[in-house]
Structures are given as structure tokens and as C-alpha cells.
Amino acid sequence: MREFGYRRAADVSGAVAQLGADPDARFLGGGTNLVDLMKTGVERPARLVDVTGLPLGRIEPTADGGLRIGATVTNSDLAAHPEVRRRYPALAQAVLAGASGQLRNMATVGGNLLQRTRCGYFADVTQPCNKRDPGSGCPAIEGEHHNHAILGASDRCVAVHPSDMGVALAAFDAVVSYETAEGTGELPLAEFYTPVGETPHLETALPSGALITGVTLPPAPVAELSRYRKVRERASYAFAIGSVAAALDVRGGTVREVRLAFGAVASRPWRARTAERALTGAPADAGSFAAAADAELAEASPLPQNGYKVTLMRNLAVAVLTELGEEAAR
């Protein structure tokens, strides 16, 4: 592990200035991903700028009825917050599904958004990896890829994004706020993660040196009837092999509004907009749910070892939407 310096930031502008003065520095929140990557040699920062003391640890209502979540809010505090549980229950469920209690107590919202893939080839510096070393190749395509992407991948990279929280945030149209030396900015989560394309090493649209300061959830009454369901290979905490965040508003047996996002199927949380369009105005029944899931997954391009994900995601989406439909009818 490379020796590194450590500084605790006193304010947001100071944190941004410290990173701007040293392009080989990294922001440190809970460190639950970054420190692991430092141990394996994937990340080799010369200095860590600790941002956990910044005044970014609050969850507050916005003027229009949404919620503003500070970047240093821990996953545990996010999942336990009464307004998150009441107004965006799928988000609380996603966070609780994401890790052990010890990790949730450390991990932060900003860090969760920036966590990197758990692809074994990415984590092993003795292996080629286009995400870690652009142009070196993607051995997962011909190698071990049973938990890799079926949507939105390319011949450069088939890794998946590991966040559970991000899937729920994608379903609820979250907006990421950040600060740079030039000022503040915002990115809708739909634009925050960049398509893998030819440049898998470019994972987000954040400007260089930007510090995430918070996430805003717009008001979304549909989110009050929402659910997150995660499938994993063991009952104890583990990364998903497939997950769904869904919200449903049904009136008179017809879908008035639906939100749907998939996890562990692409390089970023996957908003299932094709399925949403197919369901809006359709009967709230298993046939409509299955047809919508099929429409979304029609563009899937599975590899030899992960074709099971197509069936898994179809069944998972139908099951979650059916449960929500039954709850709405009570």
C-alpha cells in the first residue's frame, strides 16, 4: 500500500481547494470502498482529504416537498430517517439491503454513489482491465462474467455498478449536487453516470475535482407505495445479482404512474423507461407487468454465463409490481 498524506477539511471550499492543489489526492468519506481499493493497489492516492467533518450530514425537506440528503449522511442514518421511510420506502429498503450494519454506519451517501465495480478483474491489478487501464482489454468477456452486465454494456467493459441505493435514487429522479473551484452545479442521476461505450474508465459526468455535496429527491407521491427487492447468492450481506426498485400508482385497476429501475444489470443503475411507458395506462395485472418487463429486456445482450439474468429480472419485476398492485387495491 502506497504511503499517503492525510488532511481533514474544515469547509467545503477548503476541501475543493485541497483536491485542486493536488490532482493525486482523493476525498475520503467512510472509506468503505476507497480503502479497499487502496489495499489492492487499484487506487494509489498521494493524499486523502477527509470530508466527514463538513456540514453535509443533514436530511432536510425542500421548499417544494422533496428531501435534500447531505453527502456525508451515513447509510444507517438515511435508512432510519422517518421521512425517508414514509415517503420513499424503497430507498430505505435498498440501503438496508446494501451491506452489514457496521458498513452502513461508516458508508456515506456521496461515497455510495461513487463506489466502483466489484468485478474481479478490475480489483486484480495483475489482470488487464479497460476500466482501470484504458486499452488493456476486458478479460471478463471471455472469462468469468456470471454476474456481469446484460444491458448497456460494450465490447470494452461488461462490469456492473454495485450500488443498491443508486437503484432507488434512479427510480425517484434524484439530482446530485456538487461543488468545484468554479462554483456549484447539479446533475440528474440519469446523467450522472456516463454510458460505458468506448471509455469505461470515465464513470461519471462530475467535473474534475468536484465534491458531491448532496442529493435531492423531488416530491414524488407515487414513491410512498414503493419497494426494493434484491436477489443475491447468499442470505447474508452480498452484492446483488439482480435487483428492482419499483413504485406504483393504480386507479380503478389502471396504472396511472409507475417508476421502475434495475440493479446489477448494467454499468449504472438502469432506469426501465421502456417498461414504464408500456405500463402507463395499462391494466395493473400480471400480464401487463410481464409484457412491460419483456419490452425492457428485449435489448438485453447476455453473455454465455449470465443469460439467467434476463429471466431473473423479468420474474423479479413482475413479482414486485404484482405485490405493489395488490397493496394498492386494498
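Residues numbered from 1 in each chain as written. Predicted model: local features only at pLDDT ≥ 70, side-chain atom pairs only at ≥ 80, totals over all residues. Heavy atoms only, no water.

Participant: Tell me about the overall build of the protein chain, residues and numbers included.
Facilitator: Secondary structure summary: the protein chain contains 13 helices and twelve strands in total. Its C-alpha atoms give the protein chain a radius of gyration of 20 Å, near enough to 20 Å, the size a compact globule of 330 residues would have. Overall, the protein chain is about 60 × 50 × 35 Å in size when its C-alpha atoms are taken along their principal axes. If you sum the accessible surface of the protein chain, you get close to 14,200 Å²; carbon and sulfur atoms cover 51% of it. Counting 33 positive and 36 negative side-chain charges, the protein chain places the centres of these two groups 4 Å from one another. (Helix = DSSP H or I, 4+ residues; strand = E, 2+ residues; numbered from the N terminus. Rg over C-alpha atoms; globule rule 2.2 N^0.38 Å. Areas by Shrake-Rupley, 256 points an atom, 1.4 Å probe, with all protein chains shown as cover. Lys, Arg positive; Asp, Glu negative; His and termini not counted. Charge placed at Lys NZ, Arg CZ, Asp CG, Glu CD.)

Participant: Go over the nonpolar core with me, naming the residues and quoting the values.
Facilitator: The nonpolar side chains of a soluble globular protein tend to be buried with one another. Grouped together as the largest cluster of nonpolar side chains are 55 residues, with contacts concentrated most on Leu78, Leu91, Leu113, Leu169, Phe172 and Phe192. Aside from chain neighbours lying at most four places away, what touches Leu113 is His161, Met165, Leu169, Val176, Leu189, Phe192, Tyr193, Ile212 and Val215. Formed by 30 residues, the second largest nonpolar core is a distinct cluster that contains Ile150, Val258, Trp270 and Val318. (Core = buried A, V, L, I, M, F, W, Y, C linked by side-chain atoms within 4.5 Å. Buried < 20%, exposed > 50% of the residue type's maximum accessible area, 1.4 Å probe, protein only. Contact = heavy atoms within 4.5 Å.)

Participant: Lay out the pairing of strand S5 (residues 67–70) in plain terms, naming residues and giving numbers.
Facilitator: Where strand S4 (residues 59–61) lies against S5, three bridges are found, and the strand directions are antiparallel. Across the sheet, residue Ile59 finds its bridge partner in S5, namely Ile69. Across four bridges, the pairing between S5 and strand S8 (residues 211–217) is antiparallel. Among the inter-strand pairings, Arg68 is bridged to a residue of S8, identified as Thr216. (Pairing = 2+ DSSP bridges.)

Participant: Could you give an account of the pattern of salt bridges, with specific residues and numbers?
Facilitator: A side chain of one charge can pair with a side chain of the opposite charge when the charged atoms of the two come close. One pass over the full model with this rule turns up 24 salt bridges. The shortest N-O distance in the salt bridge between Arg8 and Asp50 comes to 3.6 Å. With Arg8 in strand S1 (residues 5–8) and Asp50 in strand S3 (residues 47–50), this pair connects stretches of sequence that are 42 residues apart. The exposure class assigned to Arg8 is exposed, which follows from its relative accessible area of 51%. On the basis of relative accessible area, Asp50 is assigned to the buried category, the value being 5%. The network of salt bridges with common partners includes Asp173, Glu257, Arg259, Arg271, Arg273 and Glu276. (Salt bridge = Lys/Arg side-chain N within 4 Å of Asp/Glu carboxyl O.)

Participant: If you had to explain the sheet that holds strand S9 (residues 226–231) to someone new, which residues and values would you point to?
Facilitator: Sheet architecture is open: four strands sit in the order S9-S10-S11-S12, paired in antiparallel fashion. This sheet does not close on itself; its edge strands, each paired only once, are S9 and strand S12 (270–271). Taken together, the nine bridges between strand S10 (residues 242–251) and strand S11 (residues 254–263) define a ladder with antiparallel strand orientation. Bridge pairing in S11 places Arg251 opposite Thr254. The sheet contacts of helix H12 (residues 286–297) involve S10, S11 and S12, and relative to S11 the element is tilted by about 40°. (Axes fitted to C-alpha atoms, helices over the stretch in contact; angles between N-to-C directions.)

Participant: Tell me about the side chain of Ser177, and please be specific about residues and values.
Facilitator: For Ser177, the location among the structural elements is in strand S6 (residues 175–180). Relative accessible area serves as the criterion here: at 6%, Ser177 is assigned to the buried category. In this structure the side chain of Ser177 is engaged in a polar contact, spanning 2.9 Å, whose partner is the side chain of Arg68. In this structure, Ser177 is in contact with Arg68, Gly185, Glu186, Leu211, Ile212, Thr213, Gly214 and Thr216, ignoring residues within four places of it in sequence. (Polar contact = N/O pair within 3.5 Å; in protein donor to acceptor, adjacent residues only side chain to side chain.)

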